[in-house]
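Understanding the architecture of this molecule
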There are 2 protein chains.
Amino acid sequence: MLRTHTCGELRINDVNSDVVLCGWVQRIRNKGSVIWVDLRDRYGITQLIFEEGHTEAAILDTANKLGREFVIKASGKVIERLSKNDKIPTGEIEVKVSDLEILNKSKTPPFTIENDTDGGDDLRMKYRYLDLRRNNVRENLLLRHRIMQEARAYLDAQSFTEVETPVLIKSTPEGARDFVVPSRMNPGEFYALPQSPQTFKQLLMVSGFDRYFQIVKCFRDEDLRADRQPEFTQIDCEMSFVEREDIISTFEGMIKHLFKTVKGIDITEIDRMSYDDAMKYYGSDKPDTRFDMKFTELNELAQNKGFNVFDSAELVVGICVEGCAEYTRKQLDALTDFVKRPQVGAKGLVYVKCNADGSFKSSVDKFYSQEDLQQWADAMGAKPGDLMLVLSGETNHTRKALNELRLHMGSELGLRDKNTYKILWVLDFPLLEWDEDTSRFHAMHHPFTSPTPADLDKLESDPGAVKANAYDMVINGVEVGGGSIRIHDREIQQRMFKQLGFSDEEAKAQFGFLMDAFEYGAPPHGGIAFGFDRLCSLFGGSDSIRDFIAFPKNNAGRDVMIDSPSAIHLDQLNELGIKLKQ
Amino acid sequence: MLRTHTCGELRINDVNSDVVLCGWVQRIRNKGSVIWVDLRDRYGITQLIFEEGHTEAAILDTANKLGREFVIKASGKVIERLSKNDKIPTGEIEVKVSDLEILNKSKTPPFTIENDTDGGDDLRMKYRYLDLRRNNVRENLLLRHRIMQEARAYLDAQSFTEVETPVLIKSTPEGARDFVVPSRMNPGEFYALPQSPQTFKQLLMVSGFDRYFQIVKCFRDEDLRADRQPEFTQIDCEMSFVEREDIISTFEGMIKHLFKTVKGIDITEIDRMSYDDAMKYYGSDKPDTRFDMKFTELNELAQNKGFNVFDSAELVVGICVEGCAEYTRKQLDALTDFVKRPQVGAKGLVYVKCNADGSFKSSVDKFYSQEDLQQWADAMGAKPGDLMLVLSGETNHTRKALNELRLHMGSELGLRDKNTYKILWVLDFPLLEWDEDTSRFHAMHHPFTSPTPADLDKLESDPGAVKANAYDMVINGVEVGGGSIRIHDREIQQRMFKQLGFSDEEAKAQFGFLMDAFEYGAPPHGGIAFGFDRLCSLFGGSDSIRDFIAFPKNNAGRDVMIDSPSAIHLDQLNELGIKLKQ
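Thresholds applied
Residues numbered from 1 in each chain as written. Chains lettered and ligands numbered in written order. Predicted model: local features only at pLDDT ≥ 70, side-chain atom pairs only at ≥ 80, totals over all residues. Heavy atoms only, no water. Helix = DSSP H or I, 4+ residues; strand = E, 2+ residues; numbered from the N terminus. Buried < 20%, exposed > 50% of the residue type's maximum accessible area, 1.4 Å probe, protein only. Contact = heavy atoms within 4.5 Å. Areas by Shrake-Rupley, 256 points an atom, 1.4 Å probe, with all protein chains shown as cover. Lys, Arg positive; Asp, Glu negative; His and termini not counted. Charge placed at Lys NZ, Arg CZ, Asp CG, Glu CD. Pairing = 2+ DSSP bridges. Domains from an automatic or database assignment.

Turning our attention to the overall build of chain A. Counting its secondary structure elements, chain A contains 17 helices and 23 strands. Principal-axis analysis of the C-alpha atoms places the extent of chain A at approximately 90 × 75 × 55 Å. The buried share of chain A, taken over its 582 residues, is 58%. Considering only residue pairs separated by 6 or more positions, chain A has 66% of its internal contacts joining residues 24 or more positions apart. Carbon and sulfur atoms make up 46% of the accessible area of chain A, which totals about 23,700 Å². Separation of charge centres in chain A, based on 74 positive and 93 negative side chains, amounts to 5 Å.

Another aspect to go through is the sheet that holds strand E6 (residues 161–162) of chain A. Residue and element names in this part refer to chain A. Across the sheet, which stays open at both edges, the eight strands sit in the order E6-E9-E10-E22-E21-E20-E17-E11 with mixed pairing between neighbours. Edge positions in the open sheet fall to E6 and strand E11 (270–274), since each of these has one partner strand only. By the bridge criterion, nine bridges tie strand E9 (residues 211–219) to strand E10 (residues 231–240) in an arrangement that is antiparallel. Pairing of phenylalanine 213 across the sheet is with cysteine 237, part of E10.

When the domains of chain A are assigned, the result is domain 1 (12–104), domain 2 (139–273 + 424–548) and domain 3 (291–416). Once you take the C-alpha centre of each, domain 1 of chain A and domain 3 of chain A turn out to be 62 Å apart.

For the rest of this paragraph, the subject is the pairing of strand E13 (residues 315–321) of chain B. Residues and elements named next belong to chain B. Here E13 lies mainly inside the structure; seven of its seven residues are buried. By the bridge criterion, two bridges tie strand E12 (residues 296–297) to E13 in an arrangement that is antiparallel. Looking at E13, one finds that glutamate 297 is bridged to valine 317. Bridging between E13 and strand E16 (residues 387–393) involves seven bridges; their strand directions are antiparallel. Bridging from a neighbouring strand, valine 317 pairs with leucine 391 of E16.

See the structure below:
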């Protein structure tokens, strides 16, 4: 190696050693006859010192030419520092430089290479290789590395076999839009990039692999949002001869292992909730359970008192916000504005202040007596000093809006600490959901999810009432994983495809290989997939998955650094047997 | 779990335990009043026993309905076997079944699920999920899993960070043909799938990641051969602040770790050879050094003796095959036929038998005296009993042909044992090679390979003489890895692109981001990539990488199991802004 040590390695014990360091110039201080240089690499920062009278003139000369982000090689002796820096592990020493070589110069970077940079998003993405030099961005990727290694270590120890499934597969009409790849050897035909290795991992179970995993790139050609990327990574797992409880305990083990080994956190409690309860009490299938503030339905208490808005509503539902009775008119107006935003979509907000003296002050005093409001307070468990917030309207819509308000209040009150982790399984999802646009049922998870055995009879007679043998893992309101016990019986799989509107021919053309496989001894099996990018961002305490991806794409699906996608040569198109539409 | 134990787990100590096993019916033997069933899972085989008089009639009835590959769940008591089977670890016990459930039936498989199957290639690929049930195929993939885990463990311990680089990147004209992916959000533009993460890993070095690795899928749209797949896997690595020797020692460490931990083999010796010597002495840049049989050039001794074939040849070169002087006329004719095959391409073969009595018998006795032939023998180190084989013609062509003959003789003599491993570094490759078709130089490795510093001056004046700072790892004649110290200076990279026939504009359009990055403090760096599929096949003692890939494609790039690639819907094409050519 060009160096003897890294920039994070030297300590007071190393004083008097002769060392060679390589790295980037982070900072230069020039104080009369002394030059200090902070030398940075992935492992840390070490201070170099050049001193007139002690350092050779030619070396001093070179030191004077250094600029930020120059790459240098410095040789010298480790000495004790006069003024120590207890903020960095190397802060007790510095290196008195006796030889200096500039390995590569640097132009002035377009933004500062500091944790708090002055670079905007677009600029940082164009020069992502410089952005990645910033400590916090690099730490995100080192965290990702660590989680990856620990996830594999756990799964390997549990006899899971890592199998690479193909990237060039077959396009299917179900689910999100596929990215496709034209085939030169089979003109007019296309591969598709996998949205998940779902069918392949099921085939591996048919093959008897018993336990499979893969940390694998998947692809969806969908319009992008902040937390979506066209290519993303999954921890993908499947097990044979299991029931739901086996999967749950195996992957509780994994998540506990990750929290323990990566973050030093002991997870002692993992809760469970049915989908129906999640919707009823939190208005979301991924409730943030770091704080309580559960929904209370008020139809019985609040209707038929002459308030037409409530009387005409399908659902009247509220939350009790602790200690916020003192909210001002302005604060309450701001909350009303919040719920009226198009993303939230409520028509208005009813509030009830529970005054310290036991009385109530509400926006609907005209319709409700103090006794009425006392009943609300009893139902909600509201105490003097609390604030009740109530929404009404169509059930799903109102729940969704109150979920947004609940999360907003949780944030306002500081109840959503990024360093507190609450893990929850959401269970008993509906198998199918009705889609108004296409007038047919869609699979809530995917077409391979098994109905719960008790509901199998209802698959044709009452499809909407069938529960899926499925489970989602939710951490702090973020869905990090989901899976199910799969169908392993050809006949049930065919019934499922029928409910999804596939003709027998379509089902056979798309998934014939899987249904055929079910006829040659398919074991009962199930699995789960974790959104790895999200898991990393959650571990890193960030809302953005992009911060945890080395080279992300922007919202238009572009990599602005390499300028991709881009036009290709006409002869490439010709070879592939395709042409561009005008 | 549906089971208490796997089928590979029970031993004599478990006798009298009540157990539940799940698995596949491998074999049924019905001998009067007793039925034995071999139950198989990934972990092994356990014998089940059903006995008239002892087993309930209904259970016996079910047992009588079992067929091969049925999936069953059997409960019972572990008992000691009367006739033990010492070939399997569970051979001392059997399970006396008290309850039996058929979890899934199986049709008769289209081929036998045995190590030596009666299924042909096409049938096995169509039903790959059944092929993967065969022990030897499954063992290949378990070996692959093991190598993967150990490679990562080694690299992680050496401070390499695993970083996922993007799969949707940009098409470049250099190298092999890209697979491309039309972009819906950017109509008329295309992503490309990476042939390797080369530029990204170099950018990670510019970012200061210091040590990077990834076990990653790469893609090449080339016409396929037995050992090529359109998607393949690399162990991809890069390091900063290193010279060639650092890379070599780091990855010797890795390969030793893999041999030790996966195969229990201590690799004590890793040889080195220059490219020039490899070509001169073995006629190949990936010599199989499990056996000697080096080339001896005979121009001085063999020319100007009146044998026109040799006199007109650019090169006369031979090998000495030990102990084969007794080869019959028929055997020698077969060798002549071998070298005349189009794949080998020699015009003829000269042989010289070194008889036991010290005399010589050759196919060119007319032109060469016994003394002449003695001189050849001395040059080759041939002893009585040996056979000298000599080819002649244009240098490269003749070396290539003699390489084939040497490998053939090595195989004939059993010198290429699959359980013997000889590892070799080939060094000092030419940087550029002249391509007659396009009348320009091509990069022998890739355009980012650094010239050796001493040759930098010759880049323009004598490009063909410039050596690359590159290295290949060859095991048993198979190139398993290759890499180089990279260019990290914008000006040298520009000179390189110029030699490769890029205009400044083309270079900037394709690789501007990389050359820009070199101006912001790029460290000296280098790396290597290992062909992971080949490495696995080598560890598994097989010539075919397909045996080590879970779901390979055939020579037409098709996955015959899922029937991909396939036609896609017209509205998919429309959304992508492309149409098929007629």
